[in-house]
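A look at the structure
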Amino acid sequence: MLALGKSTSSAHKRYVVRTIAFMSGYVAINVAAIFGAFDDIASPVAAWVLALAVSAPVIGQIWATLALMRESDEFVRAVVAKQFILASGLAMAVASVWGFGESYADAPHIPAWIIYPLFWACFGLIAPFVKSSS
Amino acid sequence: MKNRLKLLRVERGWTQEQLGQALGVSRQAVNALETEKHDPSLDLAYRIAVLFARPVEEIFDNPHA
């Protein structure tokens, strides 16, 4: 997700370990779903539990990114926060345009969870241009 | 913010990594300070001043003076 040059700070190492852990869980649950492990779920409660289980690693990865900011020095914190805010704004703008496109222009429906990969795509676009804290 | 951090560091023969360790910040932070890509917090500016035993304004130019 985040690439901070050749950073080897303990905060960045913890971020990498946490991200790998959360993304491994995310991939495992989705692979299980693709291969039909949850096809027999019938009750709405169980379906919501599954939805929360799939979302949990995503929430965890967002926490890992916020923890990186908290645990880093003031420069890294400022730059990552700036990148995070700009990427969030861009992702919300794109999602809003598409959402209203669905409402008014018959754009094909896209599920709401796409906001998460969209956010990281926006982050990847923005990050190379935001290297200063000021 | 214009500063003499690199000059002071090189005078002592320190690498950016070593200065970062002395200040409790990353090498990237030291590099960003030296290349004027980061204005230090008051706390960090005072830590730098103590480390080099100089007043803050001898290390960082006051942009409002």
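Residues numbered from 1 in each chain as written. Chains lettered and ligands numbered in written order. Predicted model: local features only at pLDDT ≥ 70, side-chain atom pairs only at ≥ 80, totals over all residues. Heavy atoms only, no water.

For chain B, the name recorded in an unreviewed UniProt entry is Transcriptional regulator, with Brevundimonas denitrificans as its organism.

Looking now at the overall build of chain A. In terms of regular secondary structure, chain A is built from four helices and zero strands. In chain A, the order of α-helices and β-strands from amino to carboxyl end is α-α-α-α. For chain A, the C-alpha atoms occupy an extent of roughly 50 × 40 × 20 Å along the three principal directions. Going through the 134 residues of chain A one by one, you find that 31% of them count as buried. Of all intrachain contacts in chain A linking residues separated by at least 6 positions in sequence, the fraction that spans at least 24 positions is 73%. With the model as given, the accessible surface of chain A reaches about 8,200 Å², and the carbon-plus-sulfur share is 74%. Between the centroid of the 8 positive side chains of chain A and the centroid of its 7 negative side chains there is a distance of 20 Å. (Helix = DSSP H or I, 4+ residues; strand = E, 2+ residues; numbered from the N terminus. Buried < 20%, exposed > 50% of the residue type's maximum accessible area, 1.4 Å probe, protein only. Contact = heavy atoms within 4.5 Å. Areas by Shrake-Rupley, 256 points an atom, 1.4 Å probe, with all protein chains shown as cover. Lys, Arg positive; Asp, Glu negative; His and termini not counted. Charge placed at Lys NZ, Arg CZ, Asp CG, Glu CD.)

Every buried residue of helix H4 (residues 42-52) of chain B is listed here: B:Leu44, B:Ala45, B:Ile48, B:Ala49 and B:Phe52. All buried residues of H4(B) fall inside an arc of 140 degrees around its axis, so they share one side. Facing away from the buried surface of H4(B) by more than 90 degrees, the exposed residues are B:Leu42 and B:Val50. If you follow the buried residues of H4(B), they end up packed against helix H3 (74-105) of chain A together with helix H1 (5-11), helix H2 (16-23), helix H3 (27-34) and helix H5 (56-59) of chain B. Following H4(B) by one or two positions, B:Ala53 has its phi on the positive side, about 55 degrees. (Arc of directions from axis to C-beta.)

This brings us to the side chain of B:Arg9. Residues and elements named next belong to chain B. With respect to the helices and strands, arginine 9 occurs in helix H1. We classify arginine 9 as buried; its relative accessible area is 8%. Polar contacts involving the side chain of arginine 9 include one to the side chain of glutamate 34, which spans 2.5 Å. Beyond its immediate chain neighbours, meaning those up to four positions away, arginine 9 contacts Trp14, Thr15, Gln16, Leu19, Glu34 and Phe52. (Polar contact = N/O pair within 3.5 Å; in protein donor to acceptor, adjacent residues only side chain to side chain.)

We now examine the interface of chain B and chain A. Each partner contributes to the interface: chain B provides eleven residues, whereas chain A provides ten residues. When the buried area of chain B at its contact with chain A is split by residue, B:Gln28, B:Lys37 and B:His38 rank highest and sum to 56% of it. The interface formed by chain B and chain A holds zero salt bridges in total. Counting the contacts that link chain B with chain A gives six residue pairs in polar contact (both at pLDDT 80 or more). Examining the composition of the side of chain B that touches chain A, we find that three residues originate from one element, H3(B), more than from any other. In the side of chain B that touches chain A, the residues fall into five nonpolar, four polar and two charged. (Buried area = accessible area lost by both parts, 1.4 Å probe. Salt bridge = Lys/Arg side-chain N within 4 Å of Asp/Glu carboxyl O. Nonpolar A, V, L, I, M, F, W, Y, C, P; charged D, E, K, R; others polar.)

Let's shift gears to the packing of H2(B) against H3(B). Residue and element names in this part refer to chain B. Following both chains from N to C, one finds H2 and H3 inclined at 105 degrees, their axes separated by 8 Å at the closest point. Classed by the angle they form, the pair H2 and H3 counts as roughly perpendicular. Contacts from Gln16, Glu17, Leu19 and Gly20 in H2 reach Arg27, Val30, Asn31 and Glu34 in H3. (Axes fitted to C-alpha atoms, helices over the stretch in contact; angles between N-to-C directions. Parallel < 35°, antiparallel > 145°, perpendicular 65-115°, else oblique.)

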